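Architecture at a glance
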Amino acid sequence: AWDDSGKSSVDVPLATFFGSFERRTRYHSMFVGMEGDTFLTRFPMPFARASSISFENAGAGPLPLAVVLRVKSTGAFDAGQGYFHACWQKTTPADIGKAHPVVQSAGSGKYVGCLLSVRSADRSWWLLEGDESMRIDGQSRAVWHGTGLEDYFNGGWYFRNVLVRPLNGLLYLQPFASIQYRFHLVDAQHFDRGIDVEFERGPDNASRGWMESIGFYYLRAPEA
């Protein structure tokens, strides 16, 4: 939570936030990763007065956890930098006919990327043919409309091999499942009143499968 807002602007499963969907994944991207048994994030997280971080253990036994924070003063706070937000979404084969939401937020800010896990229940790569779309400021027509899930992550033709790059990567690839990420360092999508980012569930949302995502974005004011 930022500046005593009382709202959790980041509320996500811990390992998933760093790209470890269902399994530990050791890698380095520019903004998240894992080294040894240590999760890493380098997202800038500016705030004006205060921040608070808490962890909930939903397991049956105790869990040791150590946290290291790097904090420095940057002078006067500029709300235009934005407060960091992250949201978790998971959809299942029961959601056939509906797109998978990544970020749905009101307010003013910028969308800066996501992690996405995809697993088909149809034993087909057709699920990766769903397009990504971004609707900004309440527009009925997407200002960003892609040509296929794997294209958005810079890996067309259903991917070929796992790869790790600073701003995009493919962390896992097995029939018929994949884990991928993309960050918008130089092409963040800015909005004034709100944004809706989603992935089509295969062409016409007709594919059965599981999708799980972490969406990253910044807002001028802290929100839940």
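Refer to the structure presented above.
As a starting point, this report considers the structure included with it. (Residues numbered from 1 in each chain as written. Predicted model: local features only at pLDDT ≥ 70, side-chain atom pairs only at ≥ 80, totals over all residues. Heavy atoms only, no water.)

Observations concerning the packing of aromatic side chains
This model, assessed by the stated rule, comprises 21 aromatic pairs. Ring geometry for Phe17 and Phe18: centres 4.9 Å apart, planes at 70°, overall edge-to-face. Across the pair, Phe18 and Phe17 agree in class, each one buried. Here Phe43 and Phe84 contribute two aromatic rings whose centre-to-centre distance is 4.9 Å and whose plane-to-plane angle is 35°, an arrangement assigned as tilted. (Phe/Tyr/Trp six-rings, centres within 6.5 Å; stacked < 30°, edge-to-face > 60°. Buried < 20%, exposed > 50% of the residue type's maximum accessible area, 1.4 Å probe, protein only.)

Overview of the sheet that holds strand S3 (residues 32–35)
Taking strand neighbours across the sheet as the criterion, the three strands line up as S2-S3-S4 in an open arrangement whose pairing is antiparallel. In this open sheet, the two edge strands, each paired with only one partner strand, are strand S2 (27–28) and strand S4 (38–41). Of the pairings in the sheet, the one linking S2 to S3 comprises two bridges and is antiparallel in character. Each bridged residue has a counterpart across the sheet, and for His28 the counterpart in S3 is Gly33. (Pairing = 2+ DSSP bridges. Helix = DSSP H or I, 4+ residues; strand = E, 2+ residues; numbered from the N terminus.)

Quick word on the pairing of strand S6 (residues 100–106)
For S6, the buried fraction is high: five of the seven residues fall into the buried class. Across six bridges, the pairing between S6 and strand S14 (residues 194–199) is antiparallel. Pairing of His100 across the sheet is with Phe199, part of S14.

A look at the pairing of S14
Summarising burial for S14: five of the six residues are buried, a large majority. Note that strand S8 (residues 132–136) and S14 share five bridges and pair antiparallel. The residue of S14 that forms the bridge with Met134 is Val197.

Focus: the nonpolar core
Within the largest apolar cluster, 24 residues are counted, with the highest numbers of intra-cluster contacts made by Val103, Tyr111, Leu149, Tyr152, Phe153 and Phe199. If one sorts the elements of this core by residue count, strand S7 (residues 109–120) sits on top with four residues. Those residues in contact with Val103 that sit more than four places away from it in its chain are Cys87, Tyr111, Ile195, Asp196, Val197, Gly215, Phe216 and Tyr217. Phe17, Phe84, Ala86 and Ile179 belong to the second largest nonpolar core, which has 21 residues in total. (Core = buried A, V, L, I, M, F, W, Y, C linked by side-chain atoms within 4.5 Å. Contact = heavy atoms within 4.5 Å.)

Details of the sheet that holds S14
Each strand in a sheet pairs with another by means of backbone hydrogen bonds, the pair being arranged parallel or else antiparallel. Spatial strand order, S6-S14-S8-S9: four strands in an open sheet with antiparallel pairing. Strands at the two margins of the open sheet, each flanked by one partner only, are S6 and strand S9 (144–145).

Some details on the environment of Tyr152
Structurally, the position occupied by Tyr152 is in helix H2 (residues 149–152). Sequence separation of Tyr152 and Ala86 is 66 residues, and the distance between their C-alpha atoms is 19 Å. When sequence neighbours within four positions are dropped, the list of residues in contact with Tyr152 reads Tyr111, Cys114, Glu132, Met134, Trp144, Arg182, His184 and Phe199.

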